[in-house]
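# Remarks on the overall topology
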Amino acid sequence: MEINKKTFEPGETGLTNIHIANLPSGTNIDLPVHVFRAKKEGPVLLICAGMHGDEVNGVEIVRRTLEGKLYNNLTTGTAIVIPLINIFGFINFSRDMTDGKDVNRSFPGRKNGSLASQVAYVLSKEIFPKIDCAVDFHTGGSARYNYPQIRYTKGNEKSKELAEAFAPPIIIGNRVIEKSFRQEATKQGKFIIVFEGGESLRYDGLSLNIGIEGIMRVMTHLNMIPTNAIKQADYNTTFIEKMYWQRAKKSGIYTWHKSSGTYIKKGELIGSINDPQNKYCIPVKAEKTGLIIGHNNATVISNGDALFHIGW
Ligand SMILES: [Zn+2]
């Protein structure tokens, strides 16, 4: 296998740094790609995170798998591990690139396009053709918490199989987003699942644990690590078919009473919105019966802000 003009033989482990660009300061920015190959042929799995630079849970999940030497004794196949794709966003505490462009809306990318497009191009040309499947790790938005969940491409049975092997608390089958990593890799015939857990710029222990255990279950499923390494999930997986964003009917100071991972019934009190001058205190009642798959942790909210992502 050749990545970035560096050859990795069966049984070999190594690192290659793909040059991306310089910072305005002149500092060189390379994309480090870790490669672990078993002696025996097998599936090629890409594990990556940080496409959105502020989505730290994904980055930390992948870092911890490196720290735990998860890939060092593969029985078959190859693991390609990229803990942090958007280095520019990471150092700026931002989801996007320096020019505000989203790498995950820039695929397949162009060699001479925007910086986001160039990073997408490197992945599309240098990495995707070498892999069979991938787990792409994300985190929720700013103050927007996502209960640990896997998204697979609806109608793509192989990606559903990977999602089930991961065994997260929530599985959502949805369509791919235009110009996303998942769309381009799926076009190239690869099977992709996307993990979401926690909120940006904040560690979430539950998401970290479920993310790490999920990678191990996927690798066991692919016969890349021994089956005795697997930890069965101690919860049931819920398949979500329909989703609804419940929004604030008034602006004010917000408190949630129910959070992600909780089943709620239509009409149930799940939050409250208060006026700072104490002119009103409005109960937030569930508009749907279902499972809270994401919620807003913001204290100050405006009319129309998304409060709860409810799935059923
Ligand atoms: Zn993301």
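Higher on the page you've got the structure.
Residues numbered from 1 in each chain as written. Predicted model: local features only at pLDDT ≥ 70, side-chain atom pairs only at ≥ 80, totals over all residues. Heavy atoms only, no water.

## Looking at the coordination of the zinc ion
We count it as follows: A 2.8 Å cut-off from the metal defines N, O and S donors, relaxed to 3.2 Å for Na, K and Ca; water is not in the atom list, so some sites may appear incomplete. Metal sites are grouped by the angles between bound donors: all angles between 85 and 135 degrees with four donors is tetrahedral, opposite donors over 155 degrees apart with the others between 65 and 115 is square planar for four donors and octahedral for six, and any other pattern is irregular. For helices the rule is a DSSP run of H or I covering at least 4 residues; for strands it is a run of E covering at least 2, with both sets numbered from the N terminus onward.
Listed as protein donors to the zinc ion are His-52 (ND1), Glu-55 (OE), Glu-55 (OE) and His-138 (ND1); their distances from the metal cover 2.0 to 2.5 Å. Each of the four donor atoms bound to the zinc ion contributes to angles spanning 56 to 150°, and the resulting shape is irregular. One chain supplies every donor to the zinc ion, and in sequence these donors are spaced H-x2-E-x82-H. Taken together, the positions of His-52 in the loop between β5 (44-49) and α1 (56-67) and His-138 in strand β7 (residues 133-138) put the pair 86 residues apart, joining distant regions of the chain.

## With respect to helix α6 (residues 205-221)
To keep it simple, the criterion reads: Helices are assigned an expected span. That span is 1.5 Å times one less than the residue count. To sort residues, take the accessible area from a 1.4 Å probe on protein chains only and compare it with the maximum for the residue type: under 20% means buried, over 50% means exposed, and anything in between is partly exposed. By definition in these notes, contact holds between two residues if any of their heavy atoms fall within 4.5 Å.
Over its 17 residues, α6 runs 24 Å from end to end, which matches the ideal 24 Å to within 8%, given 1.5 Å per residue. Here α6 has its buried residues at Ser-207, Leu-208, Ile-210, Gly-211, Ile-212, Gly-214, Ile-215, Arg-217, Val-218, Met-219 and Thr-220. Tucked into the core, α6 has its buried residues touching β5, α1, β7, β8 (144-153), α4 (157-166) and β10 (191-198). Asn-223 occupies a position one or two residues after α6 and carries a positive phi of about 60°.

## A closer look at the pairing of strand β16 (residues 281-285)
Both faces of the sheet carry side chains from a regular strand, because those side chains alternate between them. Our working definition: Here, a strand pair is defined by DSSP locating no fewer than two bridges between the strands.
As paired elements, strand β15 (residues 269-274) and β16 share five bridges and run antiparallel to each other. From the neighbouring strand, Ser-272 faces β16, where its bridge partner is Pro-283. Once β15 ends, the chain turns through six residues before running back antiparallel as β16, passing Asn-278 with a positive phi of about 65°.

## Regarding the nonpolar core
Which entries qualify depends on this criterion: Grouping buried Ala, Val, Leu, Ile, Met, Phe, Trp, Tyr and Cys residues that are joined through side-chain atoms within 4.5 Å yields what is termed a nonpolar core.
In this structure, Leu-46, Tyr-71, Ile-127, Phe-137 and Met-219 are the most contacted members of the largest nonpolar core, which totals 69 residues. A per-element tally of this core places helix α3 (residues 115-127) first, with seven residues. Excluding residues within four positions of it along the chain, Met-219 makes contact with Leu-45, Ile-47, Leu-70, Tyr-71, Leu-74, Met-224 and Ile-225. Core analysis: the next-biggest nonpolar cluster, separate from the first, contains 12 residues, Ile-273, Val-284, Ala-286 and Phe-308 among them.

## Observations regarding the packing of α1 against α6
Packed helices, taken two at a time, are described by the angle between their axes plus the distance between the axes. For clarity, the cut-off: Fitted lines through C-alpha atoms serve as axes, helices being fitted only where they are in contact, and the angles separating the N-to-C directions of these axes extend from 0 to 180 degrees. Each angle gets one of four labels, with under 35 degrees taken as roughly parallel, over 145 as roughly antiparallel, 65 to 115 as roughly perpendicular, and the rest as oblique. The sense of a crossing depends on the near helix, which, turned anticlockwise from the far helix by less than a right angle, makes the crossing left-handed and, turned clockwise, makes it right-handed. Residue type decides the class: Asp, Glu, Lys and Arg count as charged, Ala, Val, Leu, Ile, Met, Phe, Trp, Tyr, Cys and Pro as nonpolar, and the leftover types, Gly among them, as polar.
At a closest axis distance of 9 Å, the pairing of α1 and α6 adopts a crossing angle of 50°. Comparing their axes, α6 and α1 come out oblique. The handedness of the crossing between α1 and α6 is right-handed. When α1 is examined against α6, the residues Asn-57, Glu-60, Ile-61, Arg-64 and Thr-65 are found in contact with a partner set consisting of Ser-207, Leu-208, Gly-211, Ile-212 and Ile-215. Looking at the contact of α1 with α6 residue by residue, the class counts come to four nonpolar, four polar and two charged.

## What to know about the sheet that holds strand β18 (residues 300-301)
If you walk across this open sheet you meet the four strands as β16-β15-β13-β18, and the pairing is antiparallel. Sheet topology places β16 and β18 at the edges, where each strand pairs with a single neighbour.

## What to know about the side chain of Gln-246
The condition that has to hold: Here a polar contact is taken to be a pair of N or O atoms separated by no more than 3.5 Å, where protein atoms must pair a possible hydrogen donor with a possible acceptor and residues adjacent in sequence count only if both atoms sit in side chains.
Considering the arrangement of structural elements, one finds Gln-246 in strand β12 (residues 243-247). Classification of Gln-246 as buried rests on a relative accessible area of 1%. There is a polar contact of 2.8 Å between the side chain of Gln-246 and the backbone nitrogen of Glu-287. Apart from residues no more than four positions distant in its own chain, Gln-246 is found in contact with Ile-270, Val-284, Lys-285, Ala-286, Glu-287, Asp-305, Ala-306, Leu-307, Phe-308 and Ile-310.

## Let's talk about the pattern of salt bridges
Which entries qualify depends on this criterion: The salt bridge criterion pairs a side-chain nitrogen of Lys or Arg with a carboxyl oxygen of Asp or Glu, the two atoms within 4 Å.
According to the stated counting rule, one finds 11 salt bridges in the structure shown. For Arg-95, the salt bridge is made with Asp-96, and the minimal N-O distance between the two is 3.9 Å. Residues participating in the shared-partner salt-bridge network are Glu-55, Arg-95, Asp-96 and Asp-102.

## With respect to the layout of surface pockets
The condition that has to hold: Both site types are read off a 1 Å grid over the protein atoms alone. A 1.4 Å probe that fits but cannot get out defines a cavity, while an open set with protein on both sides within 12 Å along at least five of seven lines defines a pocket; lining residues have an atom within 4 Å of a point. Grid points are joined across faces, edges and corners, and a volume is the space filled by probe spheres set on the points.
Space inside the largest pocket adds up to approximately 500 Å³. Secondary structure elements with two or more residues in the lining of the largest pocket: β7, β8, α5 (181-187), β10 and β12. Here the lining of the largest pocket takes three residues from β8, the largest share from any one element. In this structure, the second largest pocket spans a volume of roughly 260 Å³. In terms of lining residues, the second largest pocket is bounded by Asn-4, Ile-18, His-19, Ile-20, Arg-110, Lys-111, Gln-118, Tyr-121, Val-122, Lys-125 and Glu-126. Residue assignment for the lining of the second largest pocket shows that the elements contributing at least two residues are β3 (13-22) and α3.

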